[in-house]
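Residue-level listing of the chains:
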Amino acid sequence: MYQAIAHFSYQNFERDPVTLIDCVLEEWRINGQIIGREIGVTHHQSDTHSKFQVNLAIPEQDSLLPRWNSEEVNEMLDQAKKHGVVFEYFELVGRDYNAVESSNHHSADFYILYTTHLESCSSIYNGYDFCPTPLYKIKADHDLYRSLIHWQENWQACDQLQINGGALEQHALAEISNYDSELSLQGRALAQQIEEQNKIPTYYYLYRLGKDEEIEHNRRCPSCNGEWKLAEPLHDIFHFKCDKCRLISNLSWEVQ
């Protein structure tokens, strides 16, 4: 992930320029070109001109180039321009070493739909290097991108609740660990759509938490009851993988 600054010029206040900029940012976010929702927009005035600067987190150095724009992004940029707000250029500040690095591989043998409460990057991970693949590099339509982001936000909220403990802890844990919970069913349906549109096997990650070591090491796929334990863990995280049901899971952190 990288930090960048986007520069917007404006010509008039017939429409609130910040609202128009926010609309552009939202389309960038849905398309996966920027990451996160808390984005700083600042105004800068000089003797010759005034402009807005936006501090952004982007998955790759070239994420804001027009080549990655979706139709919706281009439409919003055009609409903003008609009302006097123009995206002029962006400058790259540098790599964010506190953030996850995007996958450098242009192809994938399989994808994993995965996230945690700490992740703000794409939820589509390349199975080869276990790094996130920017959404704009996944074949999907606008609605699927939006659904992926909403699912990710809900999963992260549940993950945070079960980690914090207290209110809703058990319900939140069930949502991210049960294969047939409402959240898991939504995620599995999204993974299936990704697989269908990209022709790449896409697995859904099931979080696992349990204290009985024997049960944890010998559990079977919760969907088909088949053997799914791997001989060696994948990426040092996943100990279980069912190719039939497209499910992947960890050995409980409690017994590792």
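Residues numbered from 1 in each chain as written. Predicted model: local features only at pLDDT ≥ 70, side-chain atom pairs only at ≥ 80, totals over all residues. Heavy atoms only, no water.

Colleague: I'd like a description of the packing of helix H1 (residues 17-30) against helix H3 (residues 142-164), backed by residues and values.
Modeller: For any two helices packed against each other, one specifies the crossing angle of their axes together with the interaxial distance. Contact pair H1 / H3: the axes reach a minimum separation of 9 Å and the direction vectors enclose 85°. Considering the angle they form, H1 stands roughly perpendicular to H3. Mapping the contact onto sequence places Glu-26, Glu-27, Arg-29 and Ile-30 in H1 and His-142, Tyr-145, Arg-146, Ile-149 and Glu-153 in H3. When grouped by side-chain class, the residues that make up the contact of H1 with H3 number three nonpolar, one polar and five charged. (Axes fitted to C-alpha atoms, helices over the stretch in contact; angles between N-to-C directions. Helix = DSSP H or I, 4+ residues; strand = E, 2+ residues; numbered from the N terminus. Parallel < 35°, antiparallel > 145°, perpendicular 65-115°, else oblique. Contact = heavy atoms within 4.5 Å. Nonpolar A, V, L, I, M, F, W, Y, C, P; charged D, E, K, R; others polar.)

Colleague: Provide a residue-level description of unusual backbone geometry, including the pertinent values.
Modeller: We note that His-235 has phi near 55°; this positive angle belongs to a residue other than glycine. Among the structural elements, His-235 can be located in the loop between strand S8 (229-234) and strand S9 (238-242). At Asp-236, a residue that is not glycine, the phi angle is positive and equals roughly 60°. Assessed through its relative accessible area of 66%, Asp-236 is described here as exposed. (Buried < 20%, exposed > 50% of the residue type's maximum accessible area, 1.4 Å probe, protein only.)

Colleague: Give me the lowdown on the sheet that holds strand S1 (residues 2-10), citing residues and values where you can.
Modeller: On the basis of which strands lie adjacent, the open sheet formed by four strands has the order S2-S3-S1-S4 and antiparallel pairing. Two strands close off the open sheet at either side, each with one partner strand: strand S2 (35-45) and strand S4 (85-95). Ignoring strand direction, the axes of neighbouring strands in this sheet form an average angle of 20°. Alignment of S2 against strand S3 (residues 50-58), held across seven bridges, turns out to be antiparallel. Across the sheet, residue Gly-40 finds its bridge partner in S3, namely Asn-55. (Pairing = 2+ DSSP bridges.)

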